[in-house]
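Structure assessment
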Amino acid sequence: MKPDLFEAPDYYNMDDLLSEEHKLVRDAARQWVKRDVSPIIEDFAQKAEFPTQILSGLAEIGAFGPYIPEEYGGAGLDQISYGLIMQEIERGDSGVRSTASVQSSLVMYPIFAYGSEEQKQKYLPKLATGEMMGCFGLTEPDHGSNPSGMVTNFKDMGDHYLLNGAKLWISNSPFADIAVVWAKNEAGRIHGLIVERGMEGFSTPETHNKWSLRASATGELIFDNVKVPKENLLPGKNGLGAPLGCLDSARYGIAWGAIGAAMDCYDTALRYAKERVQFGRPIAATQLQQKKLAEMITEITKAQLLALRLGQLKNEGKATSAQISMAKRNNVEMAINIAREARQVLGGMGITGEYSIMRHMMNLESVITYEGTHDIHLLITGADITGMAAFK
Ligand SMILES: Cc1cc2nc3c(=O)[nH]c(=O)nc-3n(C[C@H](O)[C@H](O)[C@H](O)COP(=O)(O)OP(=O)(O)OC[C@H]3O[C@@H](n4cnc5c(N)ncnc54)[C@H](O)[C@@H]3O)c2cc1C
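Nothing here was measured: the structure is a model prediction, and the numbers come from that model.

Around the ligand sit 18 residues in total, of which Phe136, Thr139, Ser145, Trp169 and Thr373 are the nearest. Ser145 is positioned such that a nitrogen or oxygen atom in its side chain is 2.6 Å from an oxygen atom of the ligand. Within the side chain of Thr373, an N or O atom sits 2.6 Å from an oxygen atom of the ligand. Summarising the interface, the protein chains cover 67% of the accessible area of the ligand, which totals 980 Å² for the free molecule. Elements with a minimum of two residues in the shell around the ligand: strand 3 (160-171) and helix 10 (374-386). Classifying every residue of the shell around the ligand gives 9 nonpolar, 7 polar and 2 charged. Formed jointly, the shell around the ligand draws a minimum of three residues from each of two domains, domain 2 (135-239) and domain 3 (241-386).

Okay, here's the thing in C-alpha cells:
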C-alpha cells in the first residue's frame, strides 16, 4: 500500500468551531491511525483478519468509552470528541471503527446506562483498556430490521436464568470476552444480559467469506441452555427502547465515521488527479474530474456541518433518534457515493490495494446496512415528519 499522505479537508474552517480539547483528541487519533493503522490495514483486510495488535492503541486514543466518565475508566470526553475519534478511525478503516463503536456504544454504554454499580465496576475499567472486549447481540437470523420479533429467550430457573437462541452478524463476536445479549423473558419483555465467554452452551462461530469489513471479525452467538447468573441481567432498563438507546449512540458515531472514509477517498483522488497526466496534462485540469472533486468536497462539507450540529445537540441532551437517523443515513450515502466516484478518478489503479478507496467502498456497503438500513432510516424520518410509521 502507498504511504499515508492524508491531509484532512476543511473547506469551511470547521476547526474554528472546535475547542482546543477537540483538536488535541482528534489530532492524537489522526497521528495514531497514520502510524499504527495505515501501514498494516490493507494486509489484514486482504487476509480477512482483525489486527488485534491495535487494541491497546485504540484504548490509548480514548476510542473505548470516549464519553464514559473517568471514574469508570472512560475518557470523560464530550460527544464531539467522540465523533471526531470515530471520524479519524474510520479514515483508516470502517472495520476498525466498528470494533471501537461496538465496544463503546453497544457494550460500555448499556453497562454504564442500564447496569448495576457492581456491573459497572466489574466490566467498564477493563473494557476501557481493551483488556476485555465485548460484542452486542441484537440481530437474529430471522429478525434484522425488526428486532422486536426476536426469539432468543431466557427462563427464570430460581437461582439463574436459562438462555436459548441465536444471534447473527455480530461484530467482534469471535474474540469477545463478553456479549451484551438482548433476549425476551417469559412475559415476552426484552432485557439485556451479560454473557461471558466460557459459559457452558455458549459458542461464537465466525462468519467467513465477507467482501466487506474484512478487517473486522464478525460471527454468531449461539446459546444452548446457557446458565446465566442472575446478577448478569442489566437492571436499569428493559423493552426495545433499551437496545435502541445503544444504537442511537453508535449511529451518531457512524455519522462522523463515514466522513472519515469520505475524506480519505477525496484526498486520495485529489492527489492522484493532480499527479496523473493524460493527453499531456494532469487529469485534475479536466472539467469532468473537477466536477467529481468539487462535488465531493461540497458533500463532505455539508456532512461535517450536519455532524457537528448533531454533536452540539447531543452535548445538550437534545438530539432525537430521528435526527440521528437522518445524519447516519445522509453521511453514509455521501461516503459511499464519494468512494465510487473517487475509484473512477483513479482509473484502473482504483481497484487495487495500493490505494484505500476500494476497501472503503466495500466497507461502506456494510455500514449502509448495519445499525439500521438506509431504507429503515428513511422510514424513521418519514414517520417522524408525518406521525405515521410505514414500517411497522
Ligand atoms: C458486517 C456486519 C456487522 C454487523 N454487526 C452487528 C452487531 O454487532 N450486532 C447486531 O446485533 N447486528 C449487527 N449487524 C446486523 C445489522 O444490524 C443487520 O444486518 C441490519 O439491521 C439489517 O438486518 P437484515 O440484514 O436482517 O436485513 P433485513 O431486515 O432482512 O432487510 C432486508 C432489506 O429489506 C428492507 N426492509 C426491511 N423491512 C422493511 C420495511 N418495513 N419496509 C421497507 N423495506 C424494508 C431493508 O431496508 C433491507 O434493504 C451487522 C451486520 C453486518 C453486515
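Let us now look at the UniProt feature "domain: Acyl-CoA dehydrogenase/oxidase N-terminal" (unreviewed entry) in the protein chain. Using the residue numbers shown here, the UniProt feature "domain: Acyl-CoA dehydrogenase/oxidase N-terminal" (unreviewed entry) corresponds to residues 19-131. Taken as a whole, residues 19-131 contains 73% helix and 0% strand, while its terminal C-alpha atoms sit 31 Å from one another.

Time to look at the nonpolar core. Counting 100 residues, the largest nonpolar core has Leu58, Ile89, Ile111, Leu127 and Trp182 as the members making the most contacts within it. The element that contributes the greatest number of residues to this core is helix 6 (residues 241-275), accounting for 18 residues. Dropping the residues within four chain positions of it, Ile89 is found in contact with Val33, Leu58, Ile61, Ala63, Val96, Arg97 and Ala100.

To continue, consider the domain arrangement of the protein chain. Examined at the domain level, the protein chain breaks down into domain 1 (14-133), domain 2 (135-239) and domain 3 (241-386). For domain 2 versus domain 3, the separation of C-alpha centres amounts to 30 Å. Between domain 2 and domain 3, the residue contacts involve 12 residues of the former and 12 residues of the latter. Summing both sides of the interface, domain 2 and domain 3 together bury roughly 980 Å²; the carbon and sulfur share of this comes to 72%. Run the count over domain 2 and domain 3 and you get 0 salt bridges. The tally of links from domain 2 across to domain 3 stands at 6 residue pairs in polar contact (both at pLDDT 80 or more). Residue classes in the side of domain 2 that touches domain 3 are distributed as 6 nonpolar, 4 polar and 2 charged.

Reading the values: the criteria
Residues numbered from 1 in each chain as written. Predicted model: local features only at pLDDT ≥ 70, side-chain atom pairs only at ≥ 80, totals over all residues. Heavy atoms only, no water. Near = heavy atom within 4 Å. Polar contact = N/O pair within 3.5 Å; in protein donor to acceptor, adjacent residues only side chain to side chain. Areas by Shrake-Rupley, 256 points an atom, 1.4 Å probe, with all protein chains shown as cover. Helix = DSSP H or I, 4+ residues; strand = E, 2+ residues; numbered from the N terminus. Nonpolar A, V, L, I, M, F, W, Y, C, P; charged D, E, K, R; others polar. Domains from an automatic or database assignment. UniProt positions renumbered as here; feature names shortened; annotations may be inferred. Core = buried A, V, L, I, M, F, W, Y, C linked by side-chain atoms within 4.5 Å. Buried < 20%, exposed > 50% of the residue type's maximum accessible area, 1.4 Å probe, protein only. Contact = heavy atoms within 4.5 Å. Buried area = accessible area lost by both parts, 1.4 Å probe. Salt bridge = Lys/Arg side-chain N within 4 Å of Asp/Glu carboxyl O.

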